[in-house]
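Residue strings, one per chain:
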Amino acid sequence: YYPMNINLLYLICLYFKNDIAPKFIHLAFGMGTGWLIYHYLKKIIDRNWALLGTVIFFTTPIVVWLVTSAYIDMGMTFFTTASVLTFVRWRDSEYRQFKWLFISSFCMGIAIGSKYNALIAFFILNMILMLSYVRDTNRQMAALKYGILFFSITALVASPWYLKNYFLTENP
């Protein structure tokens with residue numbers, strides 16, 4: 001009765017009796033997360049620091065261990081990282097490009113639709129989003145509006161799994 005966004009990718013592979021492909025999917029999520037880190041650091045600093053950041057990510061013992069197995073943690077990490085970095089991009093656009101807020105909330109919805117642990121990142125990012133907006137614009141009601149919008153889009157994306165679990169167990 002866990003959310004199963006990432007698990008659905010693995011089910012397709014298992015349907016075709018392929019138990020190796022899920023490991024490659026999980027590896028791809030790890031490599032995608034490394035690419036996100038590299039791309040972001042290259043943009044704000046330079047290529048050498050971006051390479052160092054990517055190497056640090058890939059040499060972290062838990063990442064080394066996780067990318068060799070078919071769990072959902074690297075998928076959740078990828079979508080959480082994508083959510084944080086697209087939020088930063090929305091903030092850097094001085095809150096003008098709504099598409100980055102939408103992508104951020106969509107990615108966070110996929111993350112919390114994959115594993116309950118992502119709820120922690122979801123609530124923290126939502127609070128940072130509102131705090132950042134208030135600090136930069138001094139408009140509290142608009143910050144609350146964006147916070148509710150981020151919450152709503154994220155909840156809408158993740159809701160199929162939470163509704164399924166509620167109807168089956170009366171506990172999301």
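Look up: the structure comes first, before these words.
Summarised in this report is the structure supplied together with it.

### Let's talk about the overall build of the protein
Looking only at helices and strands, the protein features 8 helices and 0 strands. Start at the N end of the protein and walk to the C end: the helices and strands fall as α-α-α-α-α-α-α-α. Expected size for 172 residues packed as a compact globule is a radius of gyration near 16 Å; at 17 Å, the protein falls within 12% of this value. Expressed along its principal axes, the backbone C-alpha trace of the protein runs to roughly 55 × 50 × 25 Å. By the burial criterion, 42% of the 172 residues in the protein qualify as buried. When the accessible surface of the protein is totalled, it reaches about 10,300 Å², and 69% of it is carbon and sulfur. Within the protein, the 7 negative side-chain charges are centred at a point lying 5 Å from the centre of the 14 positive side-chain charges.

### What about the packing of helix α1 (residues 5-15) against helix α2 (residues 21-44)?
Their axes nearest at 8 Å, the elements α1 and α2 cross at an angle of 145°. The two elements α1 and α2 cross, and the hand of that crossing is right-handed. For the pair formed by α1 and α2, the contact residues are Ile6, Leu9, Tyr10 and Cys13 on the first element and Ala21, Pro22, Ile25, His26 and Phe29 on the second. Residues that form the contact of α1 with α2 fall into these classes: 8 nonpolar, 1 polar and no charged.

### Some remarks on the packing of aromatic side chains
Counted according to the given criterion, the structure contains 18 aromatic pairs. Ring centres of phenylalanine 29 and phenylalanine 78 lie 5.8 Å apart, and the angle between their planes is 45°; on these two criteria the pair is classed as tilted. Taken together, the residues span a long stretch of sequence, with phenylalanine 29 in helix α2 and phenylalanine 78 in helix α5 (residues 73-92) at a distance of 49 residues. Members of the aromatic cluster, joined through ring pairs, are Phe87, Trp90, Tyr95, Tyr133 and Tyr146. Here the basic side chain of lysine 145 rests over the ring of tyrosine 146, its NZ or CZ set 4.9 Å away from the ring centre.

### Looking at the environment of tyrosine 166
Here tyrosine 166 is to be found in helix α8 (residues 140-169). Distance from tyrosine 166 to tyrosine 1, taken between C-alpha atoms, is 9.3 Å for residues 165 residues apart in sequence.

### Here's the deal with the side chain of threonine 54
Along the chain, threonine 54 falls in helix α3 (residues 47-59). In this structure the side chain of threonine 54 is engaged in a polar contact, spanning 2.9 Å, whose partner is the backbone oxygen of alanine 50. Setting aside anything within four residues of it in sequence, one finds threonine 54 in contact with Gly34, Ile37 and Tyr38.

### A word on the pattern of salt bridges
Taken as a whole and assessed by the stated rule, the structure comprises 3 salt bridges. Between aspartate 73 and lysine 115 there is a salt bridge, with the nearest N and O atoms lying 2.4 Å from each other. One end of the pair, aspartate 73, is in helix α5; the other, lysine 115, is in the loop between α6 (98-112) and α7 (118-137), with 42 residues separating them in the sequence. Note that glutamate 94 is salt-bridged to arginine 96, the shortest N-O span being 3.0 Å.

### Notes on the nonpolar core
Among the nonpolar cores identified, the biggest contains 41 residues, and Trp90 and Leu129 are the most heavily contacted of them. Of all elements in the fold, only α1, α2, α3, α4 (61-66), α5, α6, α7 and α8 reach the threshold of two or more residues within this core. A per-element tally of this core places α5 first, with 8 residues.

Conventions we followed
- Residues numbered from 1 in each chain as written.
- Predicted model: local features only at pLDDT ≥ 70, side-chain atom pairs only at ≥ 80, totals over all residues.
- Heavy atoms only, no water.
- Helix = DSSP H or I, 4+ residues; strand = E, 2+ residues; numbered from the N terminus.
- Rg over C-alpha atoms; globule rule 2.2 N^0.38 Å.
- Buried < 20%, exposed > 50% of the residue type's maximum accessible area, 1.4 Å probe, protein only.
- Areas by Shrake-Rupley, 256 points an atom, 1.4 Å probe, with all protein chains shown as cover.
- Lys, Arg positive; Asp, Glu negative; His and termini not counted.
- Charge placed at Lys NZ, Arg CZ, Asp CG, Glu CD.
- Axes fitted to C-alpha atoms, helices over the stretch in contact; angles between N-to-C directions.
- Left-handed = near helix turned anticlockwise from the far one by under 90°.
- Contact = heavy atoms within 4.5 Å.
- Nonpolar A, V, L, I, M, F, W, Y, C, P; charged D, E, K, R; others polar.
- Phe/Tyr/Trp six-rings, centres within 6.5 Å; stacked < 30°, edge-to-face > 60°.
- Lys NZ or Arg CZ within 6 Å of the ring centre and 35° of its normal.
- Polar contact = N/O pair within 3.5 Å; in protein donor to acceptor, adjacent residues only side chain to side chain.
- Salt bridge = Lys/Arg side-chain N within 4 Å of Asp/Glu carboxyl O.
- Core = buried A, V, L, I, M, F, W, Y, C linked by side-chain atoms within 4.5 Å.

Keep in mind these values describe shape, not function.
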